[in-house]
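Chain residues, written in single-letter form:
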Protein chains: 4
Amino acid sequence: MRTEKMVLNQERNVTLTAYLLEVEGEFGYVRRRPAVLVLPGGGYRHCSDREADPVAMPYLQAGYQVFILRYSVKEYAAWPNPLEDYEQAMTLIRENADKWTLFPDKVAVIGFSAGGHLAAAAATMSVNRPNAAILGYAVVSSDVKGCNATAPDTVSQVDKDTCPCFLFATRNDEVVPVMNSIRFMEALAKMGTSFESHIYSHGPHGFSTGDTSIQCRDVAMSCRISDWVPDSIGWLKEVLGDFGENGMTSPAVEGHVTGDWKEFLSIECTFGRIMSNPEGRKVIEEMLETMKKQAEESGQGKVEVTVESMAAFSDMKLKNMLGHVSVPEDMVRAMEDRLSRIPNL
Amino acid sequence: MRTEKMVLNQERNVTLTAYLLEVEGEFGYVRRRPAVLVLPGGGYRHCSDREADPVAMPYLQAGYQVFILRYSVKEYAAWPNPLEDYEQAMTLIRENADKWTLFPDKVAVIGFSAGGHLAAAAATMSVNRPNAAILGYAVVSSDVKGCNATAPDTVSQVDKDTCPCFLFATRNDEVVPVMNSIRFMEALAKMGTSFESHIYSHGPHGFSTGDTSIQCRDVAMSCRISDWVPDSIGWLKEVLGDFGENGMTSPAVEGHVTGDWKEFLSIECTFGRIMSNPEGRKVIEEMLETMKKQAEESGQGKVEVTVESMAAFSDMKLKNMLGHVSVPEDMVRAMEDRLSRIPNL
Amino acid sequence: MRTEKMVLNQERNVTLTAYLLEVEGEFGYVRRRPAVLVLPGGGYRHCSDREADPVAMPYLQAGYQVFILRYSVKEYAAWPNPLEDYEQAMTLIRENADKWTLFPDKVAVIGFSAGGHLAAAAATMSVNRPNAAILGYAVVSSDVKGCNATAPDTVSQVDKDTCPCFLFATRNDEVVPVMNSIRFMEALAKMGTSFESHIYSHGPHGFSTGDTSIQCRDVAMSCRISDWVPDSIGWLKEVLGDFGENGMTSPAVEGHVTGDWKEFLSIECTFGRIMSNPEGRKVIEEMLETMKKQAEESGQGKVEVTVESMAAFSDMKLKNMLGHVSVPEDMVRAMEDRLSRIPNL
Amino acid sequence: MRTEKMVLNQERNVTLTAYLLEVEGEFGYVRRRPAVLVLPGGGYRHCSDREADPVAMPYLQAGYQVFILRYSVKEYAAWPNPLEDYEQAMTLIRENADKWTLFPDKVAVIGFSAGGHLAAAAATMSVNRPNAAILGYAVVSSDVKGCNATAPDTVSQVDKDTCPCFLFATRNDEVVPVMNSIRFMEALAKMGTSFESHIYSHGPHGFSTGDTSIQCRDVAMSCRISDWVPDSIGWLKEVLGDFGENGMTSPAVEGHVTGDWKEFLSIECTFGRIMSNPEGRKVIEEMLETMKKQAEESGQGKVEVTVESMAAFSDMKLKNMLGHVSVPEDMVRAMEDRLSRIPNL
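Quantities reported herein were computed from a predicted structural model and do not represent experimental measurements.

Undergrad: Hey, could you run me through the packing of aromatic side chains in this one?
TA: For any pair of aromatic rings, the description rests on two quantities: the centre-to-centre distance and the angle between the ring planes. The tally for this structure, following the rule as stated, stands at 44 aromatic pairs over all chains. With a centroid separation of 5.2 Å and 45 degrees between ring planes, the pair formed by phenylalanine 67 of chain D and tryptophan 100 of chain D is classed as tilted. Of this pair, phenylalanine 67 of chain D sits in strand 4 (residues 65-70) while tryptophan 100 of chain D sits in the loop between helix 2 (81-95) and strand 5 (102-112); the two residues are 33 residues apart in sequence, bridging distant segments of the chain. Residue placement shows arginine 33 of chain B over the ring face of phenylalanine 27 of chain B; its charged tip is 5.3 Å from the ring centre.

Undergrad: What's the story with the interface of chain D and chain A in this structure? I'm lost.
TA: By convention, interface size is frequently given as the accessible area that disappears when the constituent parts associate. Every contact between the two is made by 39 residues of chain D and, on the other side, 39 residues of chain A. Taken over both partners, the interface formed by chain D and chain A buries close to 3,100 Å², and the fraction arising from carbon and sulfur atoms is 49%. For the interface between chain D and chain A, the tally reads 2 salt bridges. A salt bridge links aspartate 242 of chain D to arginine 217 of chain A; its shortest N-O distance comes to 3.2 Å. Along the contact surface separating chain D from chain A lie 19 residue pairs in polar contact (both at pLDDT 80 or more). When residues of the side of chain D that touches chain A are traced back to their parent elements, those giving at least two are helix 1 (53-61), helix 5 (228-240) and strand 9 (243-244) of chain D. Partitioned by chemical class, the residues of the side of chain D that touches chain A number 16 nonpolar, 11 polar and 12 charged.

Undergrad: Sorry if this is basic, but what is going on with the relation of the copies chain D and chain A here?
TA: Put simply, the two copies of the chain differ by a rotation about an axis and a shift along that axis. Mapping chain D onto chain A calls for a screw motion: a turn of 180 degrees about the axis and a shift of 0.0 Å along it, with 0.1 Å RMSD after fitting. Viewed as a symmetry operation, the transformation between the two copies matches a two-fold axis. For chain D, the residue whose C-alpha comes nearest the rotation axis is methionine 57 of chain D, separated from it by 2.6 Å.

Undergrad: What am I meant to see in the nonpolar core here?
TA: Side chains of a nonpolar character, in soluble globular proteins, are inclined to be buried together. Counting residues in hydrophobic clusters, the biggest one holds 368 residues, and the most contacted among them are Tyr59 of chain A, Tyr59 of chain B, Tyr59 of chain C together with Tyr59 of chain D. Sequence-distant contacts of tyrosine 59 of chain A, that is, excluding residues within four places in its chain, are made with Val36, Tyr64, Val66, Ile110, Ile134, Trp228, Ser232, Ile233 and Leu236 of chain A.

Undergrad: Just to check I follow, could you spell out the side chain of serine 181 of chain A for this structure?
TA: Residue and element names in this part refer to chain A. Mapped onto the elements, serine 181 comes out in helix 4 (residues 179-190). Overall, the relative accessible area of 5% leaves serine 181 in the buried class. Those residues in contact with serine 181 that sit more than four places away from it in its chain are Leu167, Ala169 and Ile199.

Undergrad: Could you clarify how one ought to interpret the arrangement of the chains in this entry?
TA: Taking C-alpha atoms as the reference, chain A and chain C come no closer than 12 Å and do not contact one another. Regarding chain B and chain D, which are not in contact, the minimum distance between any of their C-alpha atoms is 12 Å.

Scoring rules and cut-offs
- Residues numbered from 1 in each chain as written.
- Chains lettered and ligands numbered in written order.
- Predicted model: local features only at pLDDT ≥ 70, side-chain atom pairs only at ≥ 80, totals over all residues.
- Heavy atoms only, no water.
- Phe/Tyr/Trp six-rings, centres within 6.5 Å; stacked < 30°, edge-to-face > 60°.
- Helix = DSSP H or I, 4+ residues; strand = E, 2+ residues; numbered from the N terminus.
- Lys NZ or Arg CZ within 6 Å of the ring centre and 35° of its normal.
- Contact = heavy atoms within 4.5 Å.
- Buried area = accessible area lost by both parts, 1.4 Å probe.
- Salt bridge = Lys/Arg side-chain N within 4 Å of Asp/Glu carboxyl O.
- Polar contact = N/O pair within 3.5 Å; in protein donor to acceptor, adjacent residues only side chain to side chain.
- Nonpolar A, V, L, I, M, F, W, Y, C, P; charged D, E, K, R; others polar.
- Least-squares fit on C-alpha atoms with pLDDT ≥ 70 in both.
- Core = buried A, V, L, I, M, F, W, Y, C linked by side-chain atoms within 4.5 Å.
- Buried < 20%, exposed > 50% of the residue type's maximum accessible area, 1.4 Å probe, protein only.

Right under this line is the structure:
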């Protein structure tokens with residue numbers, strides 16, 4: 001492993017530290033690596049070492065290139081300085097993808113507390129969006145103004161380009177109320193964005209990885225707290241893919257949980273979405289008509305499925321619904337073909 | 001282990017199955033056991049076996065007495081029938097605490113999907129409240145009306161007597177939208193109630209324990225899903241206490257995360273709560289006054305802590321705040337004494 | 001789940017308790033289940049309840065039919081009574097495979113301490129061999145005579161029909177010295193038998209599952225001890241296969257780690273084994289000869305691989321060795337064909 | 001974290017890479033750290049990068065200072081060159097304990113395959129013994145001569161100064177037969193040395209941490225394999241102590257499992273050991289005599305415990321035995337006092 005430390009902004013004391021793993025050679029099939037950009041917390045007053053190196057290690061072990069951004073704090077913390085620092089760092093990381101042997105479209109951001117605010121801002125407001133975001137006891141709501149008066153609420157900024165998110169926090173955090181994480185989940189859910197979240201029963205603010213060399217073992221704390229580390233790695237493998245003999249495997253989890261946020265309709269859209277589109281509705285109604293006819297002709301008796309009976313499952317993907325009512329494959333393909341030409345507005 | 005099956009309501013086909021473990025003898029220090037009441041799901045159309053026995057097993061292994069309630073479904077599902085069934089079961093369990101060697105004040109309820117709705121109703125609306133509730137991909141909002149038109153929304157029913165809750169679900173559940181769990185967390189947070197929650201990135205509705213003998217291994221599913229089983233047991237130990245040589249140990253997690261819901265003020269209340277109470281505010285202001293004086297007299301210089309500087313931490317327990325600013329112990333005790341006589345309205 | 005209790009031997013007070021799970025219906029693709037036969041410990045003086053029901057639960061959760069044998073103890077403990085009890089139980093289980101919806105060729109045995117001795121005897125000396133054996137802090141050597149003078153050493157009985165074994169124990173067990181497990185592993189290794197083993201740093205004899213309701217939490221004990229429970233289930237899935245949509249999946253681990261114990265040679269045999277067989281050696285020498293010729297003819301230059309250079313890897317399967325030196329597939333198939341006709345003596 | 005790379009031997013290309021974590025400041029109570037010295041494998045032909053950095057990361061995350069020794073290989077591999085390299089590295093690490101803020105008496109060594117041989121040699125033959133040793137699929141027997149003709153068997157070198165060991169391997173390793181680990185465990189057991197060991201059912205040689213970026217996920221491998229990483233950290237905390245607010249906590253596991261290897265007798269010795277010492281035997285016989293008398297005088301009836309009845313538990317610590325038969329505390333203290341003056345030969 002080699003280390004590089006770059007000064008991004010001399011005046012504001014902004015630095016980017018890179019921990020770079022080798023590729024190929026003894027790492028054979030590994031030619032590039034996904035990457036993680038770490039944003040330590042510290043209430044925009046400092047960048048905590050507790051949430052820097054110790055956080056880098058598990059991702060390095062998992063084979064990720066890791067970068068730590070020490071962004072503008074104290075007198076330089078005024079918005080949008082920290083976000084500009086992020087943009088600069090992310091641009092640099094992606095521009096140097098070849099040199100640093102990383103996948104420019106597989107760069108996750110992880111932030112804690114105020115750093116979690118910055119990570120959430122990156123996920124919702126930046127130009128250079130990350131490909132996944134991990135938010136640790138992050139102050140994502142306007143609560144952030146308690147430590148940085150100029151920093152914006154990010155919950156209201158969640159948009160359809162927001163990447164999949166992984167949130168963790170403790171229920172009884174006295175510094176960043178748990179409502180921050182709840183509000184963010186709600187915004188993601190409304191936007192159809194993929195996420196995972198773990199709210200642990202109890203533990204202090206700022207536990208970092210929860211390792212005993214960081215968070216004193218005498219403090220009351222759920223023993224499940226440290227699970228977020230391997231869990232977040234398992235989740236990154238789902239969202240960015242895993243190392244395979246021929247490059248990274250396909251992600252198991254997409255950015256949105258349904259096709260409802262794509263440009264054109266598809267059988268990955270929810271039944272409700274398709275039915276709310278007049279042309280989409282026509283495709284489904286005709287399908288039901290055809291099924292009825294075929295059933296009658298073949299003497300199978302009546303088809304009981306109606307638009308009304310399906311309405312109870314308006315959140316289900318059409319694909320899964322068609323599977324449940326055993327629509328023949330050629331009919332599914334015909335519908336997919338027609339839907340793919342209907343703009344999803 | 002012995003099994004008892006009791007008919008609670010012949011007409012509505014309501015039964016309670018008890019799996020009862022031995023105590024004492026070779027289980028020496030175990031004289032009574034905590035208990036779990038399982039409420040299987042099934043859309044109020046049936047009670048699924050997938051969420052009955054397989055769910056009982058891990059709690060039996062952990063040393064709990066386990067009961068499975070098969071409540072009113074189909075034509076008998078009209079509200080409040082299922083809740084009445086629950087009340088009857090919980091009453092029976094507690095009345096037979098001696099015979100069944102269980103702690104009547106350590107009975108948790110666990111429900112899945114529609115059974116999760118019933119568990120949430122038990123936690124928020126019942127007369128015989130459970131001591132903890134585990135809600136698995138539970139339909140707790142008015143979404144429940146999709147499967148049982150007469151069943152009530154439970155989110156709006158969360159009250160100060162609601163027990164600690166453990167929630168789990170998958171982000172892409174197509175049958176019970178994840179918003180159900182989010183709304184319930186929000187209601188619990190507002191009420192100061194303890195909880196833990198795990199929203200996994202993806203998995204089908206109805207995965208039960210996630211074991212391969214229940215949920216087909218070919219279905220796309222986060223591999224973290226099964227963690228809810230040991231995690232819920234770890235959480236129950238925090239909320240109900242763990243087996244110790246001299247009875248159950250003290251719980252590590254209380255019903256509310258602060259003292260704000262108690263009858264009288266205390267240093268367990270948040271700073272914000274105490275300051276919003278005129279008499280409470282007086283106690284704090286006088287404390288600051290005394291500290292200033294003492295500091296001046298002892299020549300230590302000015303005390304910088306003011307009501308205003310503390311206001312940023314309005315969610316912090318007074319106890320922890322006093323610890324951070326090193327208030328002497330006798331002063332803490334004096335404050336505790338005065339606060340304990342101020343009604344918390 | 002239904003429970004059956006059968007008396008196997010009235011006089012000796014031998015009973016078999018069956019915990020039987022449902023199949024099909026809501027368990028759809030599950031038509032039969034693998035099974036586990038539990039042999040509690042107790043120094044052949046009694047059958048401990050601590051190692052009966054609590055052990056049954058995790059296997060029931062994993063979808064196994066579970067049987068608990070309370071075998072001959074005290075005045076009836078003289079050998080071969082306990083082994084006869086085992087034979088009777090295993091015969092009954094397999095004869096009732098249809099009725100109890102289990103796979104007769106997927107029945108594992110699990111024993112603890114003296115029950116682990118009986119499980120080891122079952123695995124090495126019985127007529128009705130189990131398909132897998134889990135040995136918990138088992139007294140498998142002649143140390144058993146300390147509690148049952150007539151009971152035999154089982155280490156010396158390990159034979160080529162011994163099933164795969166999973167062993168666990170603690171290093172500082174003061175009742176059954178760890179050397180018992182080491183000697184058994186050694187015997188299995190010599191016989192080429194598959195096994196897994198976990199020796200934990202410290203913990204008392206008789207911890208069972210290590211759950212706090214069985215083993216007092218105040219006793220010094222490695223916190224990894226309880227891992228044997230899920231680990232043994234993961235291992236059983238490798239050895240017996242896992243639940244799949246179309247019956248159980250193929251085992252990932254075979255009874256022997258190489259083909260050296262099969263009736264005829266194959267490329268699954270170790271290089272050493274094949275070379276020690278005159279006819280087998282000829283197959284390999286001719287293969288090398290052919291490779292040399294082909295290489296010379298094709299102008300690829302010399303083939304450097306010789307019988308001597310391969311000798312350093314006498315424990316490697318020929319299959320893997322051929323893969324490393326890139327032997328063409330048709331040549332591999334030709335060798336496999338010839339080897340399959342050479343008796344392995 | 002800062003990195004230092006030191007050349008230990010220019011000619012033989014021996015280097016020591018140090019990954020050094022900060023202390024104090026934000027790491028408050030952490031003033032020094034335990035350390036791990038990594039010895040990569042590679043058949044004494046090279047030092048594999050697969051077993052260098054990826055292995056360092058989890059220990060860095062756990063708060064350890066980590067050193068990687070690239071020792072003498074190829075033409076320089078002749079014994080005792082590699083062991084000399086180790087001695088030099090360990091001396092340097094301990095001499096710089098202040099500068100590198102580590103505990104000189106809490107330095108573990110971890111080695112893989114041939115590096116595991118070197119780690120075993122360090123644990124058994126070196127002048128500068130490590131405080132704990134982790135041996136991964138290590139070639140510890142004379143099998144090592146297959147890759148380094150001059151390297152010694154280490155099994156026969158296990159002595160009473162050998163530190164606690166943690167071993168892991170796979171049952172079907174075709175390069176380093178599992179018998180290596182078994183023989184080493186046996187030698188440790190005979191010497192009374194503490195150890196933990198995990199033999200996984202199957203997996204290839206050289207899997208390192210088992211992470212997908214190192215060991216291709218398409219290779220057949222027990223999914224428990226990666227557990228050795230957190231398990232070894234848990235074990236190190238038992239053997240070296242854990243981070244506490246006031247320095248490291250006391251170890252839960254001592255170097256020897258009983259007092260039998262100490263200079264003088266104690267109640268931590270096994271009953272067998274004490275009885276085999278004429279003076280020790282006298283202490284026990286007199287104790288029994290006294291107990292009998294006291295029982296008779298107090299009218300409690302006969303004391304049934306005899307030297308003969310206790311003989312069955314010759315592996316039990318006297319301390320535990322006295323606890324079981326309820327010997328009064330003052331008598332225990334008197335015995336402890338007398339035993340402590342009897343040399344243990």
